[in-house]
Each structure stands twice: as C-alpha cells, then as structure tokens.
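Coordinates in review
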Amino acid sequence: MSHLVNEKARILTNENVGPRLHLMVIESPIIAKSIQPGQFVHVKFPDLEAHILRRPFSVYGHNEKSGTIDILYQEVGSVTRLMPSMQSGEIELIGPIGNTWSTDCTRALLVGGGVGAAPLFMLAETLKHAGTPFDVILGAQTKDALVARDRYKALMEREPCCATDDGSYGSPGFCTSLVEERLSQGCIEDGAPYDFLAVCGPEPLMRIVADMGAKAGVRTQVSMEKRMACGIGACLSCVVDTVDGKKRSCIDGPIFEANKVVW
Amino acid sequence: MNAAVPSTTDVKLAVNLGGLHMKNPVTVASGTFAAGREYSDFVAVETLGAVTTKGVSLKGWEGNASPRIAETPSGMLNSIGLQNPGVKHLIDHDLTWLRDIGATSIVNVSGHSFDEYVQVINALEATDLVDAYEINISCPNVDAGGMTIGTDPASVREVISMCREATSKPMIVKLTPNVTDITEIARAAVDGGANAISLINTLLGMAIDAYRRKPQLARAVGGLSGPAVKPVALRMVWEVHKAVDVPLLGMGGIANGIDAIEFMLAGATAIAVGTANFNNPTATVDVINGIIEYCEQQGVKDVNELIGALQ
Ligand SMILES: Cc1cc2nc3c(=O)[nH]c(=O)nc-3n(C[C@H](O)[C@H](O)[C@H](O)COP(=O)(O)OP(=O)(O)OC[C@H]3O[C@@H](n4cnc5c(N)ncnc54)[C@H](O)[C@@H]3O)c2cc1C
Ligand SMILES: Cc1cc2nc3c(=O)[nH]c(=O)nc-3n(C[C@H](O)[C@H](O)[C@H](O)COP(=O)(O)O)c2cc1C
Ligand code: FES
C-alpha cells in the first residue's frame, strides 16, 4: 500500500466556472508530487463541525512545480454548496488515495459525463506524454456546463467530441451516441480500433458505456464514486459489488474493470 | 510524514480493564479502524492502549446493500451489516500483524446464533493472539427469535455464560443503547460472567431524502454514531457505573481528550475512539495527548484517579 499523508493545505483560488461548477486550486506540495491519474483526495474543511465526514474529490490537475492541485466540483449538497464561499484558508487533504487508470493500451477512448471529466484529465496527460493516440468524449447538460472542454482542447490541440442534453453545443442528447459512433469508426487519428475505454460519470452512464465496451470487445474501466466515511479502507462504507465479492471503492478502486462490476 | 505517537509524560496512564492491561486508556471502537493497518500511516498503532478489531463471525458475512452510510447533523448513520471475511482471515491476516508490531488486541466477536459466538471464540483460543474479547450482542440472532440478543436480559445471560465457558481471557460485553433500562442488561452480562462492559453501540436511526422520497440507506435504518450520541452515551455509562462493579469501556462520539475525560468521570476505566477517526486519522493519539494535557494541567498524577470521580 502506498503511503498516505494528511496534508495541511491552502486554498489559493476558487472560482465559479459554470452553472453550480467551480474550480478550486489548492497548495498541497506533497500530494501534488505523488498524485497519479484517477486518484483522489479526502478533504476536511474548517469550521464545519456539524459535518463530521470528509468529502472525496478527484484530482483534476496537478502542478509539481507550483505544488498545487486542482479540484473541479459541482454543488450537489450541503458541503459542496458551502465550498464556493471558501476563497482562502487552510484545509486538510488525505491523499493520494486509490488505484490508477490503466495506461496499457494503443488506442484509448475517454468518456466523461459532467464532473466525471475531472478524474480523466490526468490520464489524458499521461497518454499524450506517452504518445498513445486517444480521443475524448465529454457530456454535460448545457454548453455552459462543458467546463473541461477548454483544458482538453489545449492538451489535445483539437476539439474533444462533445454532447449536451439540451443541444446547446455539440451533438444533442446524451454522449452515449458519440461513444457508439467512435467505437464503430475507430480512433480519429488513424481509424484503428480502440483497445481501452475509460469512463467516469453518473452510474447509469457508466453502465451503458460499459455495455457498449463489452459488446465491442474493448477493455473498459470505470471510476466508481460511492459515499465514503474513512476514505482509506477501514470502514467498509463504500463497497462496490463485483464478481469477486464486495470491494472498497476507496482503496481497491476507485477504478474498476467494468466487466467485474455487478451493477 | 511520520506516524503520530503519544507525548512523553510523568502522568501514569495505565489502566486495568477487567484483567486486560492497557498502557493507556484509549482503544478504538470496533468497525471504525479495521485492525489498524489502514491507519498505520497516521498513528503508531502499537502505542494505543489496545486495538479493537472489526466484528468477526465464523465464516464471514457479506454485509448490507449500498448506500451504507449517511451523514446526519454531528453524526452519521451506518448499516455496514457486520461485513467481515471470517475468523480465519482475521487470525492469519490481522492478529498476527498486530502481534508482530507489539499491539494489544481486543477481538470483537459477533454471531448469528449463540453457538456461532462460541465457535468464533474456540477458533481464537486455538491461537495465542488475543488479549481480550469484546462480545457484540447487538447482532440480530436466530436464537433470540431474530431479535437483537442485547435487548433481552435472559438471552444476554445465556450467551455470555456460554462464551465464559469457552475462554478464561478478559471478556468485555458490548451493550446496545436501544433498550429502556441499560442497567438491567449490564447486570445480566455480569451475571453471565463479563469482566467488563463496553457501551454504547450505535443508536438506531433513519435519514430520508425528501426530494427522492426515499430513505438514504439501502436498509432504511442504521446505527447513529459520532458527537450527536455523546450525551446519551455519557448518561448510560454513568447509570451502568452505579449499577455494576465491573470496569467500563466508554464510547460514543469521543473526538478529543476532554470528551474522553468526561467518560472517565462518568465511570469509564477506558474509552474508545470511533467515528472521529474518519474525520481525523490521528484522533486516537490526539485523544491520548489530550488526556495527558488535562492531567498535567489539573495536577492528576494517575488517570485512575479520574474514574467515576464525578462530583
Ligand atoms: C472517489 C470520488 C471522487 C469524487 N470526485 C468528485 C469530483 O471531482 N468533483 C465533484 O464535484 N464531486 C466528486 N465526487 C462526489 C463528491 O464527493 C460529492 O458530491 C460530495 O461528497 C457531496 O457532498 P455534499 O455535502 O455537497 O452532499 P451531501 O449533502 O452529503 O449529499 C447530497 C447528495 O450527494 C450525494 N452524494 C454524497 N456523497 C457522494 C459521493 N461520494 N459520490 C456521489 N454522490 C454523493 C448524496 O447521495 C446526496 O444525494 C467524488 C466522489 C468520490 C467517492
Ligand atoms: C462504520 C461503523 C462500523 C461499526 N462496526 C461495528 C462492529 O463491527 N462491531 C461493533 O461492536 N460495533 C461496531 N460499530 C459501533 C462502534 O464500535 C461504536 O460503538 C459506535 O460507533 C459509537 O462510538 P463513536 O460515536 O465513537 O463511533 C461500528 C460503527 C461504525 C460507525
Ligand atoms: S470509505 Fe471507509 S472503506 Fe472506503
């Protein structure tokens, strides 16, 4: 097991980037140095005594030189609704937690629904660095919510494939039709078939894409986000049903082989 | 980052919990710390008074469906369902590790039948890896008509005397707070042969998502823990301390040294840190250090002076 730290970190910036979507940049030099694609941090915010549990967030980006990590988060409940008001101050991060995406592939397709785009970005960076061709499909409710598009575009030097539920940008409807299209046409660069599909987003989306991957015979990994208490493997709050029994999504995951998950 | 260790002090911290020697009064609440390995990056597990392991059954249990937890104001609900891989796995994987690092171990035992408790203890008695048992009588049990044993004094007396025959090691009986009169259950446990009583287990509760019109937990109900239960736990420790002569292991919402002192004043000889570990992975050592700080500040030379010292 890799070593975990509980790092005293500092919020540097925290800006609104879309509807109920925010980007937090955190000074956290130890974790910035050791974080791997797909891993997450378990965050304790100050002055929230009534909220006795930490909140888990994927690391969207990292910069070893500046010792910072980025979190892309959505307001969904009590703590995430309070987070936008935290413009500075000390927080605590346990990390880096969890396993990492596979990079053992020759053509990869990355599929991110909503904030599910975040934990895939460091994988995209790794693939780019290794010279492995990959394509990216992003889905969101509206154009404004496609907040990861620019970052992917800058990395890939071309547009990722996008879908919006309301049709305000890219292909209208769910991004699953884009996945179908890509799987049948192959990698944009050379038309060769993909041999790896990485998916993160709402569970129903991951399930549909996992089925598509299975039908196409493409190895598929998903990132499972369960409610977590300890975040480090001790409490069994976060289990995922798999063909090998119940597994802890925090440290046996969050990345699972899709064909092992019992949905 | 180095794992945290307690500060050095002249205050005498050792306590005797019904025959179990503890170097300080702080252990962990079963199920919140696994067997300690997961926390060993944060705290030097062997420096704790003892490590209480996750509830273990004979062959292992799958546990409940997800979602298994929900946060509530100053607390949380859980319905893990005593998921565990069985006693053999605990022995081979965890108890040997605890022995190797020099930790004191308390093994929390659960069973679906009276006989299962005895079989688990028998399997553990065949090793020399257990320093004390904590018998969790909050499990639903076939021999108690599917009810929790811990709510019926006759069942408690019966299962605890069966366990008593299986071991001469210190035996702690862990009570459920979901009863009308906790002292009645505590007396039954002592009659059955308990050397110590631990309390409280979680309080049955529920959380609802108004927008989805559904319970937050897959099993609808779960056990409440964390600071929200502390007043109930303190009251019960205080009541049981007056009712029985055996030492008590107090728990329920302890997050710092002062919380721990309050339990000792109410009558606890030792205390357990549970849910607080999730928020603060060094909570156990922080509690020990908080106890030390209180004692030094208050001129307490030996923590035993504090037990039941409520004025
Ligand atoms: C490994 C991991 C990585 C994550 N990465 C990100 C990320 O990069 N960006 C982001 O915005 N969110 C991420 N999440 C989800 C995030 O942790 C939750 O949205 C957050 O904990 C909700 O806190 P809250 O207090 O606002 O909501 P609460 O008030 O606690 O709950 C509100 C609603 O959110 C749901 N919820 C609670 N916890 C989770 C959870 N762990 N996962 C999904 N839904 C949950 C509840 O069921 C409830 O319906 C991640 C979760 C995990 C497990
Ligand atoms: C996630 C979780 C799992 C638990 N598992 C067990 C268990 O296996 N056996 C047991 O006797 N108590 C179990 N408990 C109860 C705790 O040991 C303790 O009695 C209770 O949580 C109150 O203490 P706290 O508020 O400090 O957590 C569990 C509690 C939690 C939160
Ligand atoms: S959150 Fe505790 S085991 Fe995963």
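Residues numbered from 1 in each chain as written. Chains lettered and ligands numbered in written order. Predicted model: local features only at pLDDT ≥ 70, side-chain atom pairs only at ≥ 80, totals over all residues. Heavy atoms only, no water.

1. Some words on the overall build of chain A
- Helices and strands together make up the secondary structure of chain A, namely six helices and 16 strands.
- Over its C-alpha atoms chain A spans a radius of gyration of 18 Å, differing by no more than 12% from the 18 Å that the globule rule assigns to 263 residues.
- Referenced to the eigenvectors of the C-alpha coordinate spread, the extents of chain A come out at roughly 50 × 40 × 35 Å.
- Across chain A, contacts joining residues at least 24 apart in sequence account for 63% of those joining residues at least 6 apart.
- For chain A, the exposed area adds up to about 10900 Å²; of that, 50% sits on carbon and sulfur atoms. (Helix = DSSP H or I, 4+ residues; strand = E, 2+ residues; numbered from the N terminus. Rg over C-alpha atoms; globule rule 2.2 N^0.38 Å. Contact = heavy atoms within 4.5 Å. Areas by Shrake-Rupley, 256 points an atom, 1.4 Å probe, with all protein chains shown as cover.)

2. Quick notes on the site of ligand 1
Residues and elements named next belong to chain A.
- Close contacts around ligand 1 come from 18 residues, with Pro56, Leu72, Gln74, Val79 and Thr80 the closest.
- The separation between an oxygen atom of ligand 1 and a polar main-chain atom of proline 56 is 2.6 Å.
- In the model, an oxygen atom of ligand 1 is placed 3.1 Å from a nitrogen or oxygen of the glycine 77 main chain.
- Taken by itself ligand 1 offers 850 Å² of open surface, and the protein chains cover 80% of this.
- At the level of secondary structure, the elements contributing two or more residues to the shell around ligand 1 comprise strand E4 (55–58), strand E6 (68–74) and helix H2 (78–82). (Near = heavy atom within 4 Å. Polar contact = N/O pair within 3.5 Å; in protein donor to acceptor, adjacent residues only side chain to side chain.)

3. Section: the domain arrangement of chain A
All names here are of chain A.
- The domains assigned to chain A are domain 1 (5–97) and domain 2 (108–223).
- Here the C-alpha centre of domain 2 lies 24 Å away from the C-alpha centre of domain 1.
- The contact between domain 1 and domain 2 buries some 1300 Å² in all, and 67% of this surface belongs to carbon and sulfur atoms.
- Contact with domain 2 buries surface across domain 1, with Pro37, Tyr60 and Leu72 losing the most and accounting together for 44% of the total.
- Between arginine 151 and aspartate 70 there is a salt bridge whose closest N-O contact spans 2.8 Å.
- Applying the counting criterion to the domain 1 and domain 2 interface returns one residue pair in polar contact (both at pLDDT 80 or more).
- Of all the secondary structure elements, the ones that give two or more residues to the side of domain 1 that touches domain 2 are strand E1 (5–18), strand E2 (21–27), strand E5 (61–63) and E6.
- No other element matches E6, which puts four residues into the side of domain 1 that touches domain 2.
- Residues belonging to the side of domain 1 that touches domain 2 are distributed by class as follows: ten nonpolar, seven polar and one charged. (Domains from an automatic or database assignment. Buried area = accessible area lost by both parts, 1.4 Å probe. Salt bridge = Lys/Arg side-chain N within 4 Å of Asp/Glu carboxyl O. Nonpolar A, V, L, I, M, F, W, Y, C, P; charged D, E, K, R; others polar.)

4. Describing the interface of chain A and chain B
- Of the residues lining the interface, 28 residues belong to chain A; the matching set on chain B comes to 34 residues.
- Summing the contributions of chain A and of chain B, the shared interface buries around 2700 Å²; its carbon and sulfur component is 55%.
- The interface formed by chain A and chain B includes two salt bridges.
- In this structure, the salt-bridge partner of arginine 55 of chain A is glutamate 71 of chain B, at a minimum N-O distance of 2.8 Å.
- Joining chain A to chain B, the criterion identifies 15 residue pairs in polar contact (both at pLDDT 80 or more).
- Listing elements by their share of the side of chain A that touches chain B, those giving two or more residues are E1 and strand E15 (245–248) of chain A.
- Looking at the side of chain A that touches chain B residue by residue, the class counts come to 15 nonpolar, six polar and seven charged.

5. Examining the nonpolar core
- Counting 120 residues, the largest nonpolar core has Leu124, Ile135, Ile137, Ile197 and Ile271 of chain B as the members making the most contacts within it.
- Apart from the residues lying within four places of it in its own chain, the contact partners of isoleucine 137 of chain B are Tyr117, Thr148, Ile149, Gly150, Val156, Val159, Ile160, Val173, Lys174, Leu175 and Ile185 of chain B.
- In this structure, Trp101, Leu120, Leu123 and Phe196 of chain A belong to the second largest nonpolar core, which totals 30 residues. (Core = buried A, V, L, I, M, F, W, Y, C linked by side-chain atoms within 4.5 Å. Buried < 20%, exposed > 50% of the residue type's maximum accessible area, 1.4 Å probe, protein only.)

6. Regarding helix H3 (residues 153–166) of chain B
Residue and element names in this part refer to chain B.
- The first and last C-alpha atoms of H3 sit 20 Å apart over 14 residues, in line with the 20 Å expected at 1.5 Å per residue.
- All of the buried residues in H3 are Pro153, Ser155, Val156, Val159, Ile160, Cys163 and Ala166. Along H3, the residues classed as buried sweep out an arc of 155 degrees about the axis, all on the same side. (Expected span 1.5 Å × (residues − 1). Arc of directions from axis to C-beta.)

7. Quick look at the packing of aromatic side chains
Residue and element names in this part refer to chain A.
- The full count for this structure, using the stated rule, is four aromatic pairs over all chains.
- Between phenylalanine 57 and tyrosine 73, the aromatic rings sit 6.3 Å apart at their centres with planes inclined by 70 degrees, giving edge-to-face as the arrangement. Here tyrosine 73 lies in strand E6 and phenylalanine 57 lies in strand E4, a separation of 16 residues in the sequence.
- When the ring of tyrosine 60 is compared with that of phenylalanine 121, the centres are 5.8 Å apart and the planes differ by 65 degrees; the resulting orientation is edge-to-face. Of this pair, tyrosine 60 sits in the loop between E4 and E5 while phenylalanine 121 sits in helix H3 (residues 118–130), and the two are 61 residues apart along the sequence.
- Under the relative-accessibility criterion, tyrosine 60 is labelled buried at 3%.
- With a relative accessible area of 4%, phenylalanine 121 lands in the buried category.
- What links up through ring pairs into an aromatic cluster is the set Tyr60, Phe121 and Tyr152.
- Above the face of the phenylalanine 121 ring, arginine 151 is positioned so that its terminal group lies 5.8 Å from the ring centre. (Phe/Tyr/Trp six-rings, centres within 6.5 Å; stacked < 30°, edge-to-face > 60°. Lys NZ or Arg CZ within 6 Å of the ring centre and 35° of its normal.)

8. Topic: the sheet that holds strand E3 (residues 40–44) of chain A
All names here are of chain A.
- With antiparallel pairing, the seven strands of this open sheet are ordered in space as E4-E3-E7-E1-E2-E6-E5. Looking at the sheet topology across the chains shown, the edges are occupied by E4 and E5. This sheet shows a mean twist of 35 degrees between the axes of neighbouring strands, independent of strand direction.
- Looking at chain direction, E3 and E4 are connected through four bridges and run antiparallel. (Pairing = 2+ DSSP bridges. Axes fitted to C-alpha atoms, helices over the stretch in contact; angles between N-to-C directions.)

9. A few points about the site of ligand 2
All names here are of chain B.
- In the neighbourhood of ligand 2, 22 residues make up the surrounding shell, with Ser30, Lys174, Gly226, Gly253 and Thr275 lying closest.
- Lysine 54 has a polar side-chain atom sitting 3.1 Å from an oxygen atom of ligand 2.
- A distance of 2.7 Å separates an oxygen atom of ligand 2 from a polar backbone atom of glycine 253.
- Tallied by class, the residues present in the shell around ligand 2 amount to five nonpolar, 15 polar and two charged.

10. Some points on unusual backbone geometry
- Going from serine 66 of chain B to proline 67 of chain B, the amide bond is cis rather than trans, its omega being -5 degrees.
- Mapped onto the elements of the fold, proline 67 of chain B is located in the loop between strand E4 (51–52) and strand E5 (69–72).
- Residue isoleucine 200 of chain B is bonded to the preceding leucine 199 of chain B through a cis peptide linkage, with omega at 10 degrees.
- Not every positive phi belongs to a glycine, and aspartate 47 of chain A is a case in point at roughly 60 degrees.
- Positionally, aspartate 47 of chain A belongs in the loop between E3 and E4.

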